[in-house]
Amino acid sequence: MNVMADTRPLDVLADFPAIHPGWHYLDTAATSQKPQAVIDAIARAYGETYATVHRGVYQRSADMTLAYEAARKRVARFIGAEGREIVFVRGATEAINLVARCWAGEQLKAGDRILLSTLEHHSNIVPWQMVAERIGAAIDIVALTDDGRIDLDAMAAMITPQHKMVALAQVSNVLGSVLDARRAADIAHLVGAKILLDGCQAVPRMPVDVRALDCDFYVFSGHKLYGPTGIGVLWGRYDLLDAMPPYQGGGSMIDRVSFAKTTYAPPPGRFEAGTPHIVGALGLHAAIDYVESTGLDRIHAHEAALVEATRERLGQINSVRLFGPEDSAGIVSFAVEGVHPHDVATILDESQVAIRAGHHCAQPLMDALGVPATARASFGVYNSLADVEALASGIERVTRIFG
Ligand code: PMP
């Protein structure tokens, strides 16, 4: 691949007020910076068009309801789903908790099993542990290949009809490894298990179609997709959502309330108790418009080229150990021999290079890698070869400081 040609900037810098010349933001996997179009949509929603949804009979509220529901349809179109299958939640964490509580909590019985992988984010581990403990279900872990991918051959060999739920990250937030999600879904379905895909790191980096992936649940957070915090998405097959009890009780999620008996609204309203994050949904709509107009295929190719350049450049520094596969999606974890990742990140910050250091909410993965933490550089649409070079020369400075 011609790295020089493919790493040309996407020419979006003017869209991002937070990214200024000389500052190298390499923490998009934690949260992405926001394009002006998203900031404007949020300002407009809180400004001249603000009102509540679903309740008002006056025009402004009816318009806001239309905008909120339009955001739902936009999300559906983005991932190849139907609007009635899209539940707005606070983020991926809440979405997984919702499925663990309302699907697994209802469907699983003692002795059933849940399948996760070594590289999962804590938000795709702890909710399952909580439900498994309550029910008496067990959790099994699919190991990784040597280069840090979820080992689907191992998964195929270990899955049994006792496994009722498989929950896997489509892209690892630490290693950037991309799952063959369709194959994972096929393996899960062979034994009759459902599969939930954690798409947090996938939706900002590649086109996603939940029908083509043939998954049962799909979750992601708005703030990693150039949208606002506090809004995220749970997609579920409608028949699965329809069979699930409510998550929380309150306004909006009901059909009819009386002290004798309360009945619930159909999905997705059943899972959206209370006044929703109206402005967050409108901001997410603008974010999806933004990434689709930039082009997810272009974003994917751009980030892949930056990863390739990063691995090549950091690979030339003797004391650097790279984690994860060669073809990771926009995310590279590394260690500098003899230097704690927090020190690496602190020294890089002095050179205006912002990376993340720590366990990345993936402590079991750290255990498997045999390290307490890693340093992680992750890319977004605004990054270019200049950021890779700043990272590499910053690391060279780290190695000089630490001798
Ligand atoms: N899964 C993955 C793969 C993630 O990267 C993250 C965020 N780091 C989450 C889940 C949780 O997302 P949130 O904190 O937005 O709910």
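As the structure is a prediction and not an experimental result, all values here were calculated from the model.

A.B. asks: Hey, could you go over the site of the ligand for me, with residue numbers and the actual values?
C.D. replies: Taken together, Ala-92, Thr-93, His-121, Ser-123, Asn-173, Asp-198, Cys-200, Gln-201, Ser-221, His-223 and Lys-224 make up the full set of residues adjacent to the ligand. At 2.6 Å from an oxygen atom of the ligand is found a side-chain nitrogen or oxygen belonging to Thr-93. A distance of 3.2 Å separates a nitrogen atom of the ligand from a polar atom in the side chain of His-121. Here the ligand has 390 Å² of accessible area as a free molecule, and 85% of this is covered by the chains. Here the ligand is seated within the largest pocket. For the shell around the ligand, the class distribution of residues is two nonpolar, seven polar and two charged.

A.B. asks: Account for the side chain of Ser-123, with residues named and values stated.
C.D. replies: Note on placement: Ser-123 falls in the loop between strand E3 (113–117) and helix H5 (126–135). One polar contact links Ser-123 to His-121, side chain to side chain, over a distance of 2.9 Å. Beyond its immediate chain neighbours, meaning those up to four positions away, Ser-123 contacts Thr-93 and Ile-96.

A.B. asks: Describe the confidence of the model for the protein chain, listing the residues and the values that go with them.
C.D. replies: Residues shown with low pLDDT carry predicted positions that ought not to be read at fine detail. Here the protein chain averages 96 in pLDDT, and 98% of its residues register 70 or above. Confidence over residues 1–5 falls short of pLDDT 50; this stretch has seven contacts with residues more than four positions distant or in other chains.

A.B. asks: Can you break down the pattern of salt bridges residue by residue, with the values?
C.D. replies: In this structure the tally under the stated criterion is 24 salt bridges. For Glu-326, the salt bridge goes to Arg-311, with nearest N and O atoms at 3.8 Å. Of this pair, Glu-326 sits in the loop between strand E11 (320–322) and strand E12 (331–336) while Arg-311 sits in helix H11 (residues 296–315), placing them 15 residues apart in sequence. The class of Arg-311 is buried, set by a relative accessible area of 8%. The partner of Glu-389 in a salt bridge is Arg-313, and the shortest N-O contact between them spans 3.1 Å. Remark: Arg-313 occurs in helix H11 and Glu-389 occurs in helix H14 (residues 385–401); sequence separation between them is 76 residues.

About the thresholds
- Residues numbered from 1 in each chain as written.
- Predicted model: local features only at pLDDT ≥ 70, side-chain atom pairs only at ≥ 80, totals over all residues.
- Heavy atoms only, no water.
- Near = heavy atom within 4 Å.
- Polar contact = N/O pair within 3.5 Å; in protein donor to acceptor, adjacent residues only side chain to side chain.
- Areas by Shrake-Rupley, 256 points an atom, 1.4 Å probe, with all protein chains shown as cover.
- 1 Å grid on protein atoms, 1.4 Å probe; cavity = no way out; pocket = protein on both sides within 12 Å on 5 of 7 lines; lining within 4 Å.
- Sits in = over half its atoms within 2 Å of the grid points.
- Nonpolar A, V, L, I, M, F, W, Y, C, P; charged D, E, K, R; others polar.
- Helix = DSSP H or I, 4+ residues; strand = E, 2+ residues; numbered from the N terminus.
- Contact = heavy atoms within 4.5 Å.
- pLDDT = per-residue confidence, 0-100.
- Salt bridge = Lys/Arg side-chain N within 4 Å of Asp/Glu carboxyl O.
- Buried < 20%, exposed > 50% of the residue type's maximum accessible area, 1.4 Å probe, protein only.

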